[in-house]
Amino acid sequence: MIITFLCRLLIATEVILLLISTGHAERITNKRAIRIIIGEAANQGLKGMICVAEVLRRWASPKGFYGYKSNHIDDQPKCVWEMAAIAWEQSVYTNYTHGADHFDNIRKFGRPWWVKYCVKTYEYKDHTFYKEAQHRHCHRTLRG
């Protein structure tokens, strides 16, 4: 009886974890990811786009990405859209940013307030990448 209960509890836990992980995956569709990558890094080349895509994958949500709503996305040439799609696909296998879960364009926007909770992991072209050092989840805002 106890074994049956534990088995049912284990199955229920696995189902809940599966639903949670699927929920995150559904929130970032390929189309949305590509739009975010273009919005944040259209002028950063393939590697710059991959770096942004790595952070997007770790973030697991489009929330906080400025570039998603940027006006210049729809004006980008087909080659930029193709490059962003490649960046999204390749970012599964790369780790240029050394585990970064945040980034910002410090040259354009200045040093963000949340940097004091992070460790700089990488810099590429216009973006500086960071990993949260303290588990405070103090913000949900990224700028590119």
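Basis of the calculations
- Residues numbered from 1 in each chain as written.
- Predicted model: local features only at pLDDT ≥ 70, side-chain atom pairs only at ≥ 80, totals over all residues.
- Heavy atoms only, no water.
- Helix = DSSP H or I, 4+ residues; strand = E, 2+ residues; numbered from the N terminus.
- Buried < 20%, exposed > 50% of the residue type's maximum accessible area, 1.4 Å probe, protein only.
- Pairing = 2+ DSSP bridges.
- Axes fitted to C-alpha atoms, helices over the stretch in contact; angles between N-to-C directions.
- Parallel < 35°, antiparallel > 145°, perpendicular 65-115°, else oblique.
- Left-handed = near helix turned anticlockwise from the far one by under 90°.
- Contact = heavy atoms within 4.5 Å.
- Nonpolar A, V, L, I, M, F, W, Y, C, P; charged D, E, K, R; others polar.
- Core = buried A, V, L, I, M, F, W, Y, C linked by side-chain atoms within 4.5 Å.

(A) A look at the environment of Lys63. Mapped onto the secondary structure, Lys63 falls in the loop between helix H3 (45-59) and helix H4 (78-90). Accessibility expressed as a relative area gives 53% for Lys63, which makes it exposed. Separated by 36 residues in the primary sequence, Lys63 and Arg27 place their C-alpha atoms 9.5 Å from one another.

(B) Structural view of the pairing of strand S3 (residues 127-132). For S3, the tally of buried residues reaches five of six residues, placing the bulk of the element in the interior. Taken together, the three bridges between strand S1 (residues 102-104) and S3 define a ladder with antiparallel strand orientation. By the bridge assignment for S3, Phe103 is matched with Phe129. With six bridges joining them, strand S2 (residues 118-124) and S3 adopt antiparallel strand pairing. The residue bridging Tyr124 from the neighbouring strand is His127, located in S3. In sequence, S2 turns back onto S3 through a hairpin of two residues, with Lys125 there showing a positive phi of about 50°.

(C) How the structure looks around the packing of H3 against H4. Close contact between H3 and H4 brings their axes to 8 Å; oriented N to C, the two are set at 50°. Between H3 and H4, the angle falls in the class oblique. Between H3 and H4 lies a crossing of right-handed hand. Here Gly45, Leu46, Met49, Ile50, Ala53, Leu56 and Arg57 of H3 come into contact with H4, specifically with Val80, Met83, Ala84, Ile86, Ala87, Trp88, Glu89 and Gln90. Within the contact of H3 with H4, the residues separate by chemical class into eleven nonpolar, two polar and two charged.

(D) Summary view of the sheet that holds S3. Overall, antiparallel pairing links the three strands, which are arranged S1-S3-S2 in an open sheet. Of all the strands in the sheet, the pair left with one neighbour each is S1 and S2. Between one strand and the next, the sheet's axes are offset by a mean angle of 30°, whatever the strand orientation.

(E) Structural detail: the nonpolar core. The biggest cluster of nonpolar side chains holds 26 residues, and the ones touching the most others in it are Ile38, Met49, Leu56, Phe65, Trp88 and Phe129. Secondary-structure elements contributing two or more residues to this core are helix H2 (30-41), H3 and H4. Ranked by residues supplied to this core, first place goes to H3 with eight residues.

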